[in-house]
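Chain by chain, the residues:
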Amino acid sequence: MKIKVNKDRLMHNINIANKAVVSKTTMNILECILLIADENGIKLISNNLDMGIETDYFEGNVEEEGKIALEGKFFSDVIRSCPSQDISIDTDEKFITKIKSGKSEIKMSGRDPEIFPLLPEVAENLCYTIEATKFKDMIRKTIFAVASENIKPVLTGEYIEINDNDINMVGIDGYRIACGSSQLLKGNDDSFLVIVPGNSLNEIGRLISDEEEIEMYFTENHMMVRFKECTLLTTLIEGEYLKYKHFFTGDFKTKVVIKKDEVLSCLDRVLLISKDVKKSPVKVQIGENVIELSSISEILGSMYESIDCDVTGDGLTIGFNPKYMHEIFKNIDAEEVTVIFNSSLSPCVIQGEEEYKYLLLPLRL
């Protein structure tokens, strides 16, 4: 293989492909990016077996067609360090890859491209289209509630439900629930449920840039998302997701309507005290049109703050993990937030925008 390519263009595509490259694995080939050069141009593929990315073909001068697997991080570092915008890449039959730029020449040991695992084929007969910024917003406002630990594999993913043109996304980590709903630009006359790994959804959110819309395709085992410059494919998580809808009944004994920014600012100060959020929960006391937040740390000290608000119903004292509470309020865009309670031992429901609602379990004080 022999190609000439612009440094910035190549670097941009390496950065995209590197999102699916793993740094530590027993399969060394998964640490690589597959570089392909043919009559259509140049493209890159990465695949960690859970998630893979294939860039669209981009422009370059292909003097000799071919392909090579190159260690992703090292390849990225080499290209980034090149002194000139003009880069030539030349490989031989032993997979030695010579990279020239200006007066610089670096040789990389490549790997056999034939052992690189290509992405599975996904049928494209059923396409679901959604506004890109809206989908990115849905990910941002729900992904933080996905479990990071692999206690229950289904909780490390987001539950996505599609009914005709409606899409719902849910994240649960055992302590909180985040739910979001929206409309598809284009759907199909069917309904289905899938669980998408949280790590993959995070990368999908990062890949959305200036697209007006993105296309999604689903099979029994995979989800494929097509962007402006690349395609991402992820395996789905098998299993039965937790039933959650019964938590959002709308019943309450206490309802609080409060300014989001005032609560968020107060929680910033609570977190200065509550370094150990399990030992130093935030205490929330609800009175007559006022809510008081306080926290005590045996090592750092204490804090207290009151916030004016509209209160309907009974007074209440309840404790929460301040970090979890802060993450919910941080991802609400509405100016005012409604919080409903039933008792000091039952979860509260938090809602800003109509399309999003959250549930947070209390801590014993």
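It should be noted that the structure appears before, not after, this text.
Residues numbered from 1 in each chain as written. Predicted model: local features only at pLDDT ≥ 70, side-chain atom pairs only at ≥ 80, totals over all residues. Heavy atoms only, no water.

K.L.:
Please give an account of helix H6 (residues 322-330) that cites residues and values.
P.N.:
Along H6, 7 of the 9 residues are buried, which leaves the element largely enclosed by surrounding structure. Those residues of H6 not exposed but buried are Pro322, Tyr324, Met325, His326, Glu327, Ile328 and Phe329. (Buried < 20%, exposed > 50% of the residue type's maximum accessible area, 1.4 Å probe, protein only. Helix = DSSP H or I, 4+ residues; strand = E, 2+ residues; numbered from the N terminus.)

K.L.:
Can you break down the packing of helix H3 (residues 132-140) against helix H4 (residues 198-207) residue by residue, with the values?
P.N.:
Viewed as axis vectors pointing N to C, H3 and H4 meet at an angle of 140°, and their least axial separation amounts to 9 Å. Judged by the inter-axis angle, H3 sits oblique to H4. Of the two elements, H3 crosses H4, and the hand of that crossing is left-handed. Contact residues: H3 offers Phe135, Lys136 and Ile139, while H4 offers Leu201, Ile204 and Gly205. Of the residues contributing to the contact of H3 with H4, the split by class is 4 nonpolar, 1 polar and 1 charged. (Axes fitted to C-alpha atoms, helices over the stretch in contact; angles between N-to-C directions. Parallel < 35°, antiparallel > 145°, perpendicular 65-115°, else oblique. Left-handed = near helix turned anticlockwise from the far one by under 90°. Contact = heavy atoms within 4.5 Å. Nonpolar A, V, L, I, M, F, W, Y, C, P; charged D, E, K, R; others polar.)

K.L.:
Outline the nonpolar core, supporting the account with residue identities and numerical values.
P.N.:
Residues Phe135, Ile204 and Met216 are the most contacted members of the largest nonpolar core, which totals 70 residues. Per element, the largest residue contribution to this core is 6 residues, and it comes from helix H5 (residues 260-273). Discounting residues that sit within four places of it in the chain, Phe135 has contacts with Ile130, Ile167, Met169, Leu201, Ile204, Ile208, Ile214, Met216 and Met223. (Core = buried A, V, L, I, M, F, W, Y, C linked by side-chain atoms within 4.5 Å.)

K.L.:
So what about the side chain of Thr129? Which residues, and what values?
P.N.:
Here Thr129 is to be found in strand S10 (residues 128-131). Classification of Thr129 as buried rests on a relative accessible area of 5%. Aside from chain neighbours lying at most four places away, what touches Thr129 is Leu184, Leu185, Lys186, Glu213, Ile214 and Glu215.

K.L.:
I'd like a description of the packing of aromatic side chains, backed by residues and values.
P.N.:
Scanning the model with the defined rule gives 8 aromatic pairs in all. Between Tyr159 and Tyr244, the ring centres sit 6.2 Å apart and the planes meet at 75°, which makes this aromatic pair edge-to-face. Here the residue Tyr159 occupies a position in strand S11 (residues 157-163), and Tyr244 occupies one in the loop between strand S17 (230-235) and strand S18 (254-259), the gap between them amounting to 85 residues. On the basis of an interplanar angle of 55° and a centroid distance of 4.8 Å, the ring pair of Phe192 and Phe218 is categorised as tilted. Here Phe218 lies in strand S15 (residues 213-218) and Phe192 lies in strand S14 (residues 191-197), a separation of 26 residues in the sequence. (Phe/Tyr/Trp six-rings, centres within 6.5 Å; stacked < 30°, edge-to-face > 60°.)

K.L.:
A description of the state of the cysteines should follow, citing residues and the corresponding values.
P.N.:
Considering all chains together, one arrives at 0 disulfides under this definition. In this model Cys230 remains outside any disulfide bridge; the closest cysteine sulfur is found in Cys127, 15 Å from its own. (Disulfide = S-S within 2.5 Å.)

K.L.:
Which residues make up unusual backbone geometry, and what values do they have?
P.N.:
In this model, Leu49 sits at a positive phi of 80°, which is unusual for a non-glycine residue. Positionally, Leu49 belongs in the loop between strand S3 (41-47) and strand S4 (51-55). The backbone of Asn289 shows a phi angle near 55°, a positive value even though the residue is not glycine. Here Asn289 shows up in the loop between strand S19 (282-286) and strand S20 (290-297).

K.L.:
Go over the pairing of S11, please, and point to the residues and values.
P.N.:
For a regular strand, side chains alternate in direction, first toward one face of the sheet and then toward the other. Of all 7 residues making up S11, 6 are buried, and the element is well covered by its neighbours. Note that S11 and S14 share 7 bridges and pair antiparallel. Its bridge partner being in S14, Tyr159 is matched across the sheet by Ile195. Bridge count for S11 against strand S12 (residues 166-172) is 5 bridges, and the pairing is antiparallel. (Pairing = 2+ DSSP bridges.)

K.L.:
Describe the environment of Gly72, naming the residues involved and giving the relevant values.
P.N.:
Relative to the helices and strands, Gly72 is located in helix H2 (residues 72-81). Taking the C-alpha atoms as reference points, Gly72 and Ile29, 43 residues apart in sequence, are found 9.9 Å from one another. Apart from the residues within four sequence positions on either side, Gly72 is in contact with Asn18, Glu31, Cys32 and Ile33.

K.L.:
With reference to specific residues and values, describe the sheet that holds strand S24 (residues 336-341).
P.N.:
Strand order in the open sheet formed by 9 strands is S14-S11-S12-S13-S26-S25-S24-S18-S22, and the pairing between neighbours is antiparallel. For this open sheet the edge positions go to S14 and strand S22 (310-313), each flanked by a neighbour on one side alone. If you compare each strand with its neighbour and ignore which way they point, the axes differ by 15° on average. Together, strand S13 (176-183), S24, strand S25 (348-351) and strand S26 (356-360) form the strand contacts of H6, whose direction differs from that of S26 by roughly 175°.

K.L.:
Talk me through the pairing of strand S9 (residues 104-109); I want residue IDs and the actual numbers.
P.N.:
Pairing between strand S8 (residues 96-101) and S9: 6 bridges, direction antiparallel. In the strand pairing of S9, Lys98 is matched with Lys107.

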